[in-house]
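Residues per chain are reported as follows:
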Amino acid sequence: MVERREFGSKDVSRVAILMALSQNRQEEKKIQEDFSKIGIRCAAVDFGGEFITSVMKIVERSVVAAKREGVINEVHQEEGAVAGATREAISQIMQKAIGLNVGGKIGIARYEEHVAVAIFFGIGLLHLNEVAIGLGHRVI
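This write-up is about the structure you can find in this document. What you see is a predicted model; the values in this text were computed from it and never measured.

Cut-off values and rules
- Residues numbered from 1 in each chain as written.
- Predicted model: local features only at pLDDT ≥ 70, side-chain atom pairs only at ≥ 80, totals over all residues.
- Heavy atoms only, no water.
- Helix = DSSP H or I, 4+ residues; strand = E, 2+ residues; numbered from the N terminus.
- Rg over C-alpha atoms; globule rule 2.2 N^0.38 Å.
- Buried < 20%, exposed > 50% of the residue type's maximum accessible area, 1.4 Å probe, protein only.
- Salt bridge = Lys/Arg side-chain N within 4 Å of Asp/Glu carboxyl O.
- Contact = heavy atoms within 4.5 Å.
- Core = buried A, V, L, I, M, F, W, Y, C linked by side-chain atoms within 4.5 Å.
- Axes fitted to C-alpha atoms, helices over the stretch in contact; angles between N-to-C directions.
- Left-handed = near helix turned anticlockwise from the far one by under 90°.
- Nonpolar A, V, L, I, M, F, W, Y, C, P; charged D, E, K, R; others polar.

A separate point is the overall build of the protein chain. Looking only at helices and strands, the protein chain features five helices and four strands. Scanning the protein chain from its N terminus toward the C terminus, one meets helices and strands in the order α-α-β-α-α-α-β-β-β. Computed over C-alpha atoms, the radius of gyration of the protein chain comes to 15 Å, within 12% of the 14 Å expected from 2.2 N^0.38 for 140 residues, which places it in the range of a compact globule. Projected onto its principal axes, the C-alpha positions of the protein chain cover 55 × 30 × 25 Å. Residue burial in the protein chain is summarised as follows: out of 140 residues, 44% are buried.

What follows covers the environment of M56. Following the sequence through the fold, M56 ends up in helix 3 (residues 51-68). Along the sequence, M56 and G134 sit 78 residues apart, while their C-alpha atoms lie 16 Å from each other.

Now for the pattern of salt bridges. Pairing between side chains becomes possible if they bear opposite charge and their charged atoms approach one another. Inspection of every chain in the model, using the stated rule, returns nine salt bridges. Residue R25 is joined to E28 by a salt bridge in which the shortest nitrogen-to-oxygen separation is 2.7 Å. Here R25 and its partner E28 are both found in helix 2 (residues 25-36), three residues apart, which amounts to about one turn of the helix. For R25, a relative accessible area of 43% corresponds to the partly exposed category. Among the salt bridges present, the one from E78 reaches R110, with a minimum N-O distance of 3.1 Å. In this pair, E78 sits in helix 4 (residues 76-91) while R110 sits in strand 2 (residues 101-111), placing the two residues 32 residues apart along the sequence. The same class applies to E78 and to R110, which are both buried. One salt-bridge network, in which partners are shared between bridges, spans R25, E28, D46 and K105.

Let us look at the side chain of Q32. Here Q32 is to be found in helix 2. Once residues lying within four places of it in the same chain are set aside, the contact partners of Q32 are M19, C42, A43 and E69.

Core analysis: the largest hydrophobic core is formed by 29 residues, its most contacted members being I90, I106, I108, I119 and F121. Those elements giving two or more residues to this core turn out to be strand 1 (41-50), helix 3, helix 4, strand 2 and strand 3 (114-125). Per-element tally for this core: the top contributor is helix 3, with seven residues. If you look at the next biggest cluster of nonpolar residues, it comprises 15 residues, including V12, M19, A44 and A109.

Taken N-terminus to C-terminus, the directions of helix 3 and helix 4 make an angle of 140 degrees; their axes are 9 Å apart at the nearest point. Between helix 3 and helix 4 the crossing geometry is right-handed. Mapping the contact onto sequence places F51, V55, M56, I58, V59, S62, V63, A66 and K67 in helix 3 and E79, V82, A83, T86, R87 and I90 in helix 4. Broken down by class, the residue content of the contact of helix 3 with helix 4 amounts to ten nonpolar, two polar and three charged.

Here it is, written out as structure tokens:
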């Protein structure tokens, strides 16, 4: 009999960060496969653009990716949890990013009631980038 381990917010957040830091689709799929075996569902999606105009697009992309990959169901509470965690992650880097371009990857992970969203940002102009990670967590 396989012993089932319980995972908390730190564990789920770690998976979301791994997804956000993945370098390509193949790595994303490998992480998804590995963690799905232990009951953690995850997704990732890229984003980019001017920060202020991109905020709502980032939130929308998070929710759509989470639904597409089966991390959440198409239920108001679950969509709201992902949107809220995404807004929290964005708020953590807002001061650095206002007025600049951003690009990067959103990582989303869920285990039972825990959902975490990590956003890896490249912030700046051309090759003069600052980097940052924002992280949000919600309970569904």
